[in-house]
Amino acid sequence: MKHVIRFAGVCAMVLAGASSAQAEVLKIATEGAYPPFNYVDSDNKLHGFDVDIANALCAQIQRKCVFVESEWDSIIPGLQAKKYDVIISSMSITPERARVVDFTNRYYKTPSAIVVKKGTKYDGPASLKGMKIGVLKGSTQEKWALGELKPAGVNVVPYQSQNQVYLDIKAGRLDGTVADIVEVQGGFLDTADGKGYVFVGEPLSEKKYFGDGMGVAVRKSDKDLKEALNKAIAAIRADGTWQKISDKYVPG
């Protein structure tokens, strides 16, 4: 009987250990098509500001990061379906999104801008009338374009990824885009395909469209996780980790 009891105790310890190990994993959704924030390299490995921030947060809360790539317009439904635990993918904190998910405090904030061919005369949205402007489907840039450009007669075309937008600009099927300034400056505009394109107008940051910066999205039921991540965000800002990561991807 003692052997039976001892064996049962060992089994319980093994099961508890397995449960603990499973709890240490934090499944993180990211798009993987939004450089320099998140992207896949030639070896099919994820890199970028969001990825490094995620790893730093995991280190703070003592969890193991496991990344899951997701298309942007299905990334929130995936969180709700429990395909992953959080979204760390440059997601703006907006009232619409906050109705279905919770957000941590923001971990960065950058403006967006309109990008069109050099020489384009821009004097407000009406000056782009008749043009085709590509945007990421489900993004704050799409929301702004639909609210400001479309009423002025601009053809706003949504895409599954920002990379697809740039491919169609290169192919001549689009006249430009609305995108995050850091993303487009460190990506498309820094390539041979983007040499003939420039920012026009003022940086875009209206809160009603773009929210209040980028945060980590969690399910509304995960209050403890949200609190832990908020503390982790504060910690990596305080100890210099956040600045080191920022300098890596946005030098100067």
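Residues numbered from 1 in each chain as written. Predicted model: local features only at pLDDT ≥ 70, side-chain atom pairs only at ≥ 80, totals over all residues. Heavy atoms only, no water.

Draft legend 1. Looking closely at the overall build of the protein chain. Scanning the protein chain from terminus to terminus reveals 10 helices and 13 strands. Of all intrachain contacts in the protein chain linking residues separated by at least 6 positions in sequence, the fraction that spans at least 24 positions is 70%. Accessible area of the protein chain: about 13,000 Å², with a carbon and sulfur share of 54%. Of the side chains in the protein chain, 33 bear a positive and 29 a negative charge, and the two mean positions are spaced by 4 Å. (Helix = DSSP H or I, 4+ residues; strand = E, 2+ residues; numbered from the N terminus. Contact = heavy atoms within 4.5 Å. Areas by Shrake-Rupley, 256 points an atom, 1.4 Å probe, with all protein chains shown as cover. Lys, Arg positive; Asp, Glu negative; His and termini not counted. Charge placed at Lys NZ, Arg CZ, Asp CG, Glu CD.)

Draft legend 2. Looking closely at the nonpolar core. F49, L57, V86 and Y107 are the most contacted members of the largest nonpolar core, which totals 28 residues. Elements with a minimum of two residues in this core: β1 (25-30), α2 (49-61), β6 (86-92), β13 (214-218), α9 (223-238) and α10 (241-249). Here the element with the most residues in this core is α2; it accounts for seven residues. Membership of the second largest hydrophobic core comes to 15 residues, among which are I114, V135, V154 and F210. (Core = buried A, V, L, I, M, F, W, Y, C linked by side-chain atoms within 4.5 Å. Buried < 20%, exposed > 50% of the residue type's maximum accessible area, 1.4 Å probe, protein only.)

Draft legend 3. Representation of the packing of aromatic side chains. Following the criterion strictly, the structure yields nine aromatic pairs and no others. Centre to centre, the rings of F49 and Y108 are 5.3 Å apart; their planes meet at 80 degrees, and the pair counts as edge-to-face. With a gap of 59 residues between them, F49 in helix α2 and Y108 in the loop between β7 (102-103) and β8 (112-117) connect regions that are remote in the sequence. Each member of the pair, F49 together with Y108, is buried. Seen in terms of ring centroids, F49 and W242 are 6.2 Å apart; in terms of plane orientation they differ by 90 degrees. Their pairing is edge-to-face. With a gap of 193 residues between them, F49 in helix α2 and W242 in helix α10 connect regions that are remote in the sequence. Take F49: its relative accessible area is 4%, and that puts it in the buried class. (Phe/Tyr/Trp six-rings, centres within 6.5 Å; stacked < 30°, edge-to-face > 60°.)

Draft legend 4. Looking closely at the sheet that holds strand β5 (residues 64-69). A sheet is described by the order of its strands in space; here five strands give the open sequence β5-β1-β6-β13-β7, paired in mixed fashion. Two strands lie at the open edges of the sheet, namely β5 and β7, each paired on one side alone. Strand direction decides the pairing type here: β7 and β13, joined by two bridges, are antiparallel. Within β13, the position partnered with D102 by the bridge is V218. Contacts between α2 and the sheet are confined to β1, β5, β6 and β13, with β5 contributing the most and set at about 150 degrees to the helix. Relative to the sheet, α9 contacts β1, β6, β7 and β13, its axis offset from that of β13 by approximately 150 degrees. (Pairing = 2+ DSSP bridges. Axes fitted to C-alpha atoms, helices over the stretch in contact; angles between N-to-C directions.)

Draft legend 5. The arrangement of the confidence of the model for the protein chain in detail. Per-residue pLDDT for the protein chain averages 91, and the proportion of residues at 70 or more is 90%. Predicted confidence is poor over residues 1-21, with pLDDT under 50, and the contacts of this stretch with residues over four places away or in other chains come to zero contacts. (pLDDT = per-residue confidence, 0-100.)

Draft legend 6. Expanded view of the pattern of salt bridges. Going through the model one piece at a time under the given rule, you end up with 12 salt bridges. We note a salt bridge from D85 to R219, for which the minimum N-O separation is 3.7 Å. Here D85 is found in the loop between α3 (75-80) and β6, whereas its partner R219 is found in the loop between β13 and α9, with 134 residues between them in sequence. Residue classification places R219 among the buried residues on the basis of a relative accessible area of 13%. Via salt bridges that share partners, D85, R219 and D222 belong to a single interconnected network. (Salt bridge = Lys/Arg side-chain N within 4 Å of Asp/Glu carboxyl O.)

Draft legend 7. Geometry of the environment of A29. Along the chain, A29 falls in strand β1. In this structure A29 comes out as buried when scored by relative accessible area, which is 0%. Separated by 59 residues in sequence, A29 and I88 have C-alpha atoms that sit 6.2 Å apart. Once residues lying within four places of it in the same chain are set aside, the contact partners of A29 are V68, I75, Y84, V86, I87, I88 and S89.

Draft legend 8. Representation of the side chain of R97 within the structure. Among the structural elements, R97 can be located in helix α4 (residues 95-98). Among buried charged residues, R97 stands out as having no salt bridge; its nearest opposite-charge side chain is E96, 7.1 Å away. Setting aside residues up to four positions removed in sequence, R97 forms contacts with W72, I76, M91, S92, F103, G138, S139 and T140.

Draft legend 9. Main features of the sheet that holds strand β12 (residues 197-204). Strand order in the open sheet formed by five strands is β10-β9-β11-β8-β12, and the pairing between neighbours is mixed. Edge strands, defined here as strands with exactly one partner in the open sheet, are β10 (155-159) and β12. Across the sheet, the mean angle from the axis of one strand to that of its neighbour is 30 degrees, orientation sign disregarded. Relative to strand β11 (residues 176-180), strand β9 (residues 132-136) runs parallel, the two being bridged by two bridges. By the bridge assignment for β11, G134 is matched with T177.

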